[in-house]
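These are the residues of each chain, in order.
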Amino acid sequence: MRRSRYFLPTLRENPAEAQIASHRLMLRAGMIRQSSAGIYSWLPLGHRVLRKIEQVVREEMNAAGCQEILMPAIQPAELWEESGRYQDYGREMLRITDRHDRPMLFGPTHEEVVTDIFRQSVRSYRDLPQNLYQIQWKFRDELRPRFGIMRGREFYMKDNYSFDIDHAGAVRSYNKMFVAYLRTFARLGLTSIPMQAESGAIGGDYSHEFIVLAYTGESAVYCDRAWLDTDPLAMGIDYEADLQPIVDEWTRLYAATDDKHDPGACTVPEDALYQGRGIEVGHIFYFGTKYSKAMGATVTDPDGVEIAVEMGSYGIGVSRLAGAIIEASHDEAGIIWPEVAAPFKVGLINLRVGDSACDGACEALYARLAEAGVEVLYDDRDERAGVKFAEMELIGLPWQVTVGPRGVKSGTAELKARAGGEAEALSFESVSARLIGG
């Protein structure tokens, strides 16, 4: 993509309303713009990030055996009346009435809708287990939306729902999601810690929230430092095997948010206790027959007896992850994207636009990388070098390639890693090989 044609409305100054790093940098980098309180438009750069994160989430859900569907954002109130949540959910639910005076709502979550789909479609235990997911916009009418997309009213979320014949099956489904969540956040370059949590409005017997460490996080976190040395991607995962030992291993170490941390009861020695900040990006729930009994989602068991299915639900804040990555990975100059979530892999800077040698070298490198499938943002504007460098640092692409008259004469370009800032002069062939192969 040529920068001269790309819609990227960056800001030089910090917006007065932005209180945290992710909100400030997403506005300055031209990723988002506020439409109304807690509701944002995602501009081209932000939209690319959203799609990159979404793809990682989708790949991990598919690998765990989940199947993607898409449910309506607007839901009939009668389903929520069946489950008993319509009145209980509170004012966070946006209630509306259609032209026929039927009560509707903008879905904050989809337990009722997916249970209705299941009860219309599945009759026998032979069709279990099932695990259905979607990635879709949701709305919760926060009293005081703040911190940009981190606590907005409209948000992009992956939510999935498991259906099993019995408690043992439901635990297996829960454990699959536990492991899949660890892998998802690790692939996005985040250190995540599962912590026991309250089920809240979803309900249920037990749940875990996944907190990613970020020094500007919203919650205080206390955990055994051994957490910091764990690597979920190093585990060989067979989703058809018993995952309980893995879950046990990952929950044996001490971890608590500030509202549950009791210094007197904590057995971790002070020198081994990590104290930092964290951001919740995922939550998993097991709630048994809470919805299936209320809504008549039953199957016949092997003895022909009609029984209510066991259920769980699992959520990842896809749009929230964009902010969480920035909170965990930025410096004074701007964002530092991990490659997997970066809007482009490479920022190509032409220092002397209009110089035939520089233009030719940049065009050749741009074409070569694009042909190899490398995503490049080519700054071909007739703009001062300082402006170009500052913008590339701000938007945080993993690699920067700088082409100038002096380097072209010697057949080299400067390759710089955004993380760490190491730069080296390499031949154009070496730059191509490094970026295409790495």
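Throughout, residues of each chain are indexed from 1 in the direction in which the sequence is written. Given that the model is predicted, a residue must reach a pLDDT of at least 70 before its local features are reported, and side-chain atom pairs must reach 80 or more before they are shown or counted; all residues, however, enter totals for whole chains, interfaces and linings. The side-chain values count all of the structure's non-hydrogen atoms but skip hydrogen atoms and water molecules.

K.L.:
Explain the overall build of the chain to me, please; I cannot follow it from the model alone.
P.N.:
Each helix is a run of H or I in the DSSP string that is no shorter than four residues. Each strand is a run of E no shorter than two, and both are numbered from the N terminus. Check the secondary structure of the chain and you find 12 helices and 23 strands. On C-alpha atoms alone, the chain measures out to a radius of gyration of 24 Å, which is about the 22 Å that the 2.2 N^0.38 rule sets for 438 residues. Counting only C-alpha atoms, the chain reaches 80 × 60 × 45 Å along its principal axes. Between buried and exposed lies partly exposed: a residue is buried under 20% and exposed over 50% of the maximum accessible area for its type, with that area taken using a 1.4 Å probe on protein chains only. A burial count over the chain gives 54% of its 438 residues as buried. When checking whether two residues touch, look at their non-hydrogen atoms; a contact exists if any pair is within 4.5 Å. Partitioning the intrachain contacts of the chain with sequence separation of at least 6 by distance along the chain shows that 72% fall at a separation of at least 24. Split by element, the accessible area of the chain, about 19400 Å² in all, is 48% carbon and sulfur. Only four residue types enter the charge count: Lys and Arg as positive, Asp and Glu as negative, with His and the chain ends excluded. We put the charge of a Lys on NZ, of an Arg on CZ, of an Asp on CG and of a Glu on CD. When the 48 basic and 64 acidic side-chain charges of the chain are each reduced to a single mean position, those positions are 7 Å apart. All radius of gyration figures rest on C-alpha atoms, and the globule criterion is 2.2 Å times the number of residues raised to 0.38. In short, Shrake-Rupley with a 1.4 Å probe defines the accessible areas, and a residue's cover is counted only from the protein chains shown.

K.L.:
What is the right way to look at unusual backbone geometry in this model?
P.N.:
If a residue is not glycine, its phi is most likely negative; likewise, a peptide bond is most likely trans. A cis amide bond links Leu128 to the next residue, Pro129, at an omega of 5°. Along the chain, Pro129 falls in the loop between α4 (111-121) and β7 (130-139). Phi at Asp101 is positive, roughly 65°, even though this residue is not glycine. Tracing the chain through its elements places Asp101 in the loop between β5 (94-97) and β6 (103-106). A relative accessible area of 64% places Asp101 in the exposed class. Located in the positive-phi region is Phe147, a residue other than glycine, with phi close to 65°. Checked against the element boundaries, Phe147 lands in the loop between β7 and β8 (154-164). What makes Phe147 partly exposed here is its relative accessible area of 22%.

K.L.:
So what exactly am I meant to see when it comes to the environment of Val114 here?
P.N.:
When you line up the elements, Val114 lands in helix α4. Note on Val114: relative accessible area 0%, which makes it buried. Here the alpha-carbon distance between Val114 and Phe163, two residues 49 residues apart in the chain, equals 10 Å.

K.L.:
I'm lost on the pairing of β5 in this one. Help?
P.N.:
Regular strands place their side chains on alternate faces of the sheet. Two strands form a pair only when DSSP identifies at least two bridges running between them. Of the strand pairs in this sheet, β5 and β6 are connected by 4 bridges, and their pairing is antiparallel. Considered in β6, the bridge of Arg95 is made with Leu105. Between β5 and the antiparallel strand that follows it, β6, lie 5 residues; Asp101 among them carries a positive phi value of about 65°.

K.L.:
Would you explain helix α2 (residues 44-63) in this entry?
P.N.:
Count 3.6 residues to each turn of an α-helix, and residues three or four apart come out pointing the same way. Look at α2: 29 Å from first C-alpha to last across 20 residues, which is about the 28 Å you get at 1.5 Å a residue. Within the sequence span of α2, burial applies to Leu45, Gly46, Val49, Leu50, Ile53, Glu54, Val56, Val57, Arg58, Glu60 and Met61. Gly65 occupies a position one or two residues after α2 and carries a positive phi of about 95°. An expected span of 1.5 Å times one less than the residue number is assigned to each helix.

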